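Given next are the chains, with one letter for each unit.
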Amino acid sequence: MIVKKIYPVTDMMCTSCANSVQTALEKEQGVVSANVNYANAKATVEFDTKITSPEKLKKTIIDAGYDLEIDYLSVEELEQKQAQQHQKLRKNFWGSLVCAVPVFIISMFHLHFPYHQYVQGILATITLFFFGRRFFVGAYKQLLHKSANMDTLVAVSTGTAFLYSWSNVFFADFWISKGIEPHLYFEAAVVIIAFILLGKLLEEQAKGKTSEAIKKLMGLQPTSVWVKKDADWVEIPINDVQKGDVILVKPGQKIAVDGKVIQGESYVDESMITGEPLAIRKLTGKEVFAGTINQLGSFQMEAEKIGAQTLLSSIVKAVEEAQGSKAPVQKLVDKIAGIFVPAVICIAIISFVLWIILDKQNGFSYGLQAFVTVLVIACPCALGLATPTAIMVGIGKGAENGILIKDAESLELASKVSTIVLDKTGTITEGNPVVTHSFWTNQQKHLPILYSLEHKSEHPIAQAIIRQWKNIPLVEISDFENKTGQGVQAYTNNLLYRVGSVLWFKELDFIFPENIQQKIDQWKEKSTVILFAEDKNIVAVLAISDTIKKTSKQAIELLQKQSIDVYMLTGDEEKSAQNIAEQVGISHVKSGVKPAEKQSFVKELQQANKIVAMVGDGINDSQALAQSDVSIAMGKGSDIAMSVAQITLISSDLLKIPQAIKLSYQTVRTIRQNLFWAFIYNVIGIPIAAGVLYPLGGFLLNPMLAGAAMALSSVSVVTNSLLLKRKKI
């Protein structure tokens, strides 16, 4: 059995660590796919439970030098564990700073009191092997696996400075005899450790803010509810709620599970899920969702979906998976990160050797300083954080605004969309059609048959007919058949009955009597016309209209202002389709289209080098949605077509489409900014650290400044990603 799980990963220090964990998981037998995100420290693993298990995966990761949290942790437990790690990091930083300050003062002000070198050495030893122990342990584990990461760079650079300094304390005469002035670099080692721990501390704080959207969503569900037991109301924990329980929702309370109102009425704030600011009136029979807030009245509801089945849980899971996914650009970054550390070590060694060759007098000292500085200033963290932090913030912001984005690739690709194809029913219109006119040859005889036929169909038009004529006695029908995009047919009393579009009846070569044709011509301009036939005789004509959504016209205008071509596809006749299109300002219309033809039309647009987004209800439009570059489903209630589309608009409001595209633009721009600064930082920083500016003015970068620059580079990238939160969509 193939399952997909998300596990927290601990002890990762940089993107190279994430690559190591991912590689280890991918090599494990039975693992179908693995994706490790350094920004949120989580691994998404798809594996076969018959071949491997979470325990085996955990052992594999421990062997690789990290750890996998396979036991279920509640939000509170996970936050508590993260808080403990954060506190440990904070203590290490302050401890390293206390040791670094006196070493720095002694070194900078040349305080040569008795045994000063031993004081510096002892404080440096405490700093490196107590407060900075994590770097050396991590580097050792990487060495065992013939790998290297940020720990390796820090451990080698500070370790080299540390050991060389101690050798100068005990064997100063040896270095003097070789013509090398014995400098002490204890201050560089301790200050580098302090700066890098400070950088990690600030980075962790900033990274925590990138996942605030998930925390907000998780915090929406209450911990307890009032449930009716016999004739009494009893307060029970949320985990004890069962399907079918009657729950009392008081004013101001959060709704605990998905269900239907069975008594009372109120207004419910659904903005935290749909992004819509106005409260929705809830009457008996209306659906309510977990995490939304009851405002004025109290009501009773019946629990229908509990626990992981609720809309809120589905959204949390979808957002969590999306935030852990990788954008296409990240694949290139991962390849660069994979060779980054070994390349930096090579550059550092070459710098050291060149200094010895080119400067006979101070080459060793300057070369050693360049070696340490190159290792310190090189920062794979900034490169690794550039894309995932922006993706996490972008997807989280989308969820807060009722835009559910399935993966990072969809978020990135949405910014390139040049053409949007809109289905009509339920997308541009409300999706709640009503029968406005009807003409019958014998209503008394044929209405029960029509009602029985439509009772077996789930199409919105069928529901309109059922709502129009309620409680009609059902007749027995057989061989019911749904003709997708055309209509339905079945037998009763050995007669074949059909109900469907005018186009379908024309394809079947039906003869249209004059009175029937007259009604079709009269109604088709403003309504969808449906025909009902007994064998080869048309016995009824129905005109069905759907209300255009209030925001459709505005949304289409905004898309057109973004230089996006908007098309409308519908199975309606041309005049009816043109009427809707004119009202919302669409000039590209294709009418009388079957579902398979929608897919072909999307393919035609793609062949014309257009990046196409298809917007539909996720069911009838599934072929076209699958064909499109970016598929967008209109969410309806709790049965959102999340599995069908890459983007789901929870409120079914078309205004969310230009918002989603703008969010994509902003996220992609942030990623580009992050990558630019991460690359520029290393492209400029590493040569300066190696000493390229020395011939121009004698400038050689101090390793301590390199440590500060490394710490700030990661923080600046994460901070830039966090600015996405403040931008309007």
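Residues numbered from 1 in each chain as written. Predicted model: local features only at pLDDT ≥ 70, side-chain atom pairs only at ≥ 80, totals over all residues. Heavy atoms only, no water.

- Under the annotation held in an unreviewed UniProt entry, the protein carries the name Copper-translocating P-type ATPase and is attributed to Capnocytophaga catalasegens.

Focus: a nonpolar patch on the surface
Thought 1: Taken together, Val101, Phe104, Ile105, Met108, Phe109, Leu111, Phe113 and Val119 make up a surface patch of nonpolar side chains, about 670 Å² in accessible area.
Thought 2: A total of four residues in the nonpolar patch trace back to one element, the largest contributor, which is helix H3 (residues 75-108).
Thought 3: Relative to the elements of secondary structure, phenylalanine 104 occurs in helix H3.
Thought 4: Phenylalanine 104 gets classed as partly exposed once you look at its relative accessible area, which sits at 33%. (Patch = residues over 30% accessible without salt bridge, like charges linked within 9 Å, V, L, I, M, F, W, Y side chains within 5 Å. Areas by Shrake-Rupley, 256 points an atom, 1.4 Å probe, with all protein chains shown as cover. Salt bridge = Lys/Arg side-chain N within 4 Å of Asp/Glu carboxyl O. Helix = DSSP H or I, 4+ residues; strand = E, 2+ residues; numbered from the N terminus. Buried < 20%, exposed > 50% of the residue type's maximum accessible area, 1.4 Å probe, protein only.)

What about the UniProt feature "transmembrane region" (unreviewed entry) in the protein?
Thought 1: Those places that UniProt annotates as "transmembrane region" (unreviewed entry) correspond, in this numbering, to residues 93-112, 118-140, 152-172, 184-202, 336-358, 370-396, 675-694 and 700-724.
Thought 2: In the segment residues 336-358, helix accounts for 100% and strand for 0%; the C-alpha atoms at its two ends are 31 Å apart. (UniProt positions renumbered as here; feature names shortened; annotations may be inferred.)

Describing the pairing of strand S24 (residues 612-616)
Thought 1: Most of S24 is tucked away: five of the five residues are buried.
Thought 2: Of the two faces of S24, both are covered, the one formed by Val612, Met614 and Gly616 as well as the one formed by Ala613 and Val615.
Thought 3: Here strand S15 (residues 419-423) pairs with S24 via four bridges, running parallel. Counted as the bridge partner of isoleucine 420 is alanine 613 from S24.
Thought 4: With four bridges connecting them, S24 and strand S25 (residues 630-634) associate as parallel partners. Within S25, the residue paired with glycine 616 across the bridge is alanine 633. (Pairing = 2+ DSSP bridges.)

Here we look at unusual backbone geometry
Thought 1: One non-glycine residue with positive phi stands out, namely tyrosine 115, at about 65°.
Thought 2: By the secondary structure assignment, tyrosine 115 is in the loop between H3 and helix H4 (116-131).
Thought 3: Even without glycine at this site, aspartate 535 takes up a positive phi of about 55°.
Thought 4: If you trace the backbone, aspartate 535 turns up in the loop between strand S20 (528-534) and strand S21 (537-545).

Topic: the sheet that holds strand S9 (residues 266-269)
Thought 1: Judged by pairing direction, the sheet is antiparallel, and its three strands sit side by side in the order S10-S9-S12 without closing on themselves. Edge positions in the sheet fall to strand S10 (280-282) and strand S12 (293-294), since each has one partner strand and no second.
Thought 2: Looking at chain direction, S9 and S10 are connected through three bridges and run antiparallel. Following the sheet pairing, tyrosine 267 is matched in S10 by arginine 281.

Quick notes on the packing of helix H14 (residues 380-400) against helix H25 (residues 656-690)
Thought 1: Relative orientation of the contacting elements H14 and H25 amounts to 165°, with a least axis distance of 8 Å. The angle between H14 and H25 falls in the class roughly antiparallel. Taken as a pair, H14 and H25 cross one another with a handedness that is right-handed. Where H14 approaches H25, its residues Ala382, Leu383, Ala386, Thr387, Thr389, Ala390, Ile391, Gly394, Lys397 and Gly398 are matched on the opposing element by Leu663, Gln666, Thr667, Thr670, Ile671, Asn674, Leu675, Ala678 and Phe679.
Thought 2: When grouped by side-chain class, the residues that make up the contact of H14 with H25 number ten nonpolar, eight polar and one charged. (Axes fitted to C-alpha atoms, helices over the stretch in contact; angles between N-to-C directions. Parallel < 35°, antiparallel > 145°, perpendicular 65-115°, else oblique. Left-handed = near helix turned anticlockwise from the far one by under 90°. Contact = heavy atoms within 4.5 Å. Nonpolar A, V, L, I, M, F, W, Y, C, P; charged D, E, K, R; others polar.)

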